[in-house]
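# An overview of the molecular structure
Next come the chains, spelled out residue by residue.
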Amino acid sequence: MENISNVLFWISNGLLVPVIVGLLYFFIRALFLLGGVYGEYLERKKTERDLNEKLENMAEEEVYGFRTDLGKMQPTPFVFTARKLLADGMTSIHRDRLIGGYEIQESARLNIAKNLTKFGPILGLMGTLIPMGPALVGLSTGDVASMAYNMQVAFATTVIGLFSGGIGYILLQVKQRWIDRDLLNLDFLAGLAGRLEEQAGKEEIRGVAGILIIGRNMIL
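Residues numbered from 1 in each chain as written. Predicted model: local features only at pLDDT ≥ 70, side-chain atom pairs only at ≥ 80, totals over all residues. Heavy atoms only, no water.

## Structural notes on the overall build of the chain
Scanning the chain from N- to C-terminus turns up eight helices and zero strands. Listing every helix and strand of the chain by position from the N terminus yields α-α-α-α-α-α-α-α. Taking all contacts inside the chain whose residues are at least 6 apart in sequence as the whole, residues at least 24 apart take part in 78%. For the chain, the accessible surface area stands at approximately 14,100 Å², while carbon and sulfur atoms represent 65% of it. (Helix = DSSP H or I, 4+ residues; strand = E, 2+ residues; numbered from the N terminus. Contact = heavy atoms within 4.5 Å. Areas by Shrake-Rupley, 256 points an atom, 1.4 Å probe, with all protein chains shown as cover.)

## Considerations on the nonpolar core
Within the largest apolar cluster, 42 residues are counted, with the highest numbers of intra-cluster contacts made by Phe66 and Leu189. Here this core gets 14 residues from one element, more than from any other, and that element is helix α8 (residues 144–219). Each residue touching Leu189, except ones within four places of it in the same chain, is listed here: Leu55, Met58, Val63, Phe66, Ala82, Leu85 and Leu86. (Core = buried A, V, L, I, M, F, W, Y, C linked by side-chain atoms within 4.5 Å. Buried < 20%, exposed > 50% of the residue type's maximum accessible area, 1.4 Å probe, protein only.)

## With respect to the packing of helix α4 (residues 77–85) against helix α5 (residues 92–109)
Put simply, α4 and α5 touch, their axes get as near as 10 Å, and they point 170° apart. By the angle between their axes, α4 is roughly antiparallel relative to α5. Where α4 approaches α5, its residues Pro77, Phe78, Thr81, Lys84 and Leu85 are matched on the opposing element by Arg95, Leu98, Ile99, Tyr102, Gln105, Glu106 and Arg109. Classifying every residue of the contact of α4 with α5 by side-chain character gives six nonpolar, two polar and four charged. (Axes fitted to C-alpha atoms, helices over the stretch in contact; angles between N-to-C directions. Parallel < 35°, antiparallel > 145°, perpendicular 65-115°, else oblique. Nonpolar A, V, L, I, M, F, W, Y, C, P; charged D, E, K, R; others polar.)

## Concerning helix α6 (residues 111–129)
The end-to-end C-alpha distance of α6, which contains 19 residues, comes to 27 Å, matching closely the 27 Å that a straight helix rising 1.5 Å per residue would cover. Taken together, the buried positions of α6 are occupied by Ala113, Leu116, Gly120, Leu123, Gly124, Gly127 and Thr128. (Expected span 1.5 Å × (residues − 1).)

## Points about the confidence of the model for the chain
Mean pLDDT for the chain: 80, with 87% of residues reaching 70 or above. Element-level pLDDT for the chain is lowest in helix α1 (residues 2–14), with a mean of 72, against a maximum mean of 90 in α6. Considering only residues more than four positions removed or in separate chains, one finds that residues 201–219, a stretch of pLDDT under 50, has zero contacts. (pLDDT = per-residue confidence, 0-100.)

## Quick look at the pattern of salt bridges
Inspection of every chain in the model, using the stated rule, returns five salt bridges. Note that Glu40 is salt-bridged to Arg44, the shortest N-O span being 3.5 Å. Within this pair, Glu40 and its partner Arg44 are both found in helix α2 (residues 16–56), separated by four residues, close to a single helical turn. Taken individually, Glu40 and Arg44 each receive the classification buried, so the pair is uniform in this respect. (Salt bridge = Lys/Arg side-chain N within 4 Å of Asp/Glu carboxyl O.)

## A few points about the side chain of Ser164
Considering the arrangement of structural elements, one finds Ser164 in helix α8. If near-sequence neighbours (up to four positions away) are discounted, Ser164 is found in contact with Phe26, Phe27, Ala30, Leu116 and Gly120.

## Here we look at a nonpolar patch on the surface
A cluster of nonpolar side chains, namely Ile4, Val7, Leu8, Phe9, Trp10, Ile11, Leu15, Phe119, Ile122, Met126 and Val137, defines an oily patch on the protein surface of about 1,000 Å² accessible area. For the nonpolar patch, the secondary structure elements donating two or more residues are α1 and α6. Ranked by the residues each element gives to the nonpolar patch, the list is headed by α1, at six residues. Among the secondary structure elements, Val137 is positioned in helix α7 (residues 132–141). Val137 gets classed as partly exposed once you look at its relative accessible area, which sits at 43%. (Patch = residues over 30% accessible without salt bridge, like charges linked within 9 Å, V, L, I, M, F, W, Y side chains within 5 Å.)

## Quick word on the packing of α5 against α6
As a packed pair, α5 and α6 sit with axes 4 Å apart at the nearest point and diverge in direction by 40°. Classed by the angle they form, the pair α5 and α6 counts as oblique. Together, Ser107, Ala108 and Arg109 of α5 and Asn111, Ile112 and Lys114 of α6 make up the contact between the two elements. Class assignment for the residues of the contact of α5 with α6 results in two nonpolar, two polar and two charged.

This is the structure:
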């Protein structure tokens, strides 16, 4: 049993370096992600207010003219998808598929924040527990310096892990809210385009019916 315990002890100590490397990696990714989200926030702040005002007051007949306004905006994934959504020849089925593809694409972009939320605290907990063994050994042998060093490592890894997880959680909520808003706007544009096409189809049917009636009266 003692041999098994020693093997487990050696394995756990051997994992300390990979855990610290992983924590540093997630810490750096959290900082880069924070900067990227801040830049995206500044871009959205410039265009989102005007975009929402135009969409709130938009009628069916104005939806295809909105493509001109989209062409003047920053070419974000939302703008690119909205322009394809309003392209000529798009059917309702193709619009639904396009919106679904946008949702999948944006959900994939959330993986970094999700990984930070999950693996940051996990690695932080591992980095806390692994040095506790050597710290207890140092305490039992009276090696206070070794115990203090291991406790310092344990506390530092906990802080880094929780920081990475917290940043990931906050940014995940922010980006998810942006995606939900974009999907709402895309569904609204698709609905307007569908209603406009439906009205145009009804007008065409009325025109054909009127021609048939006139032709029948002429025959009679």
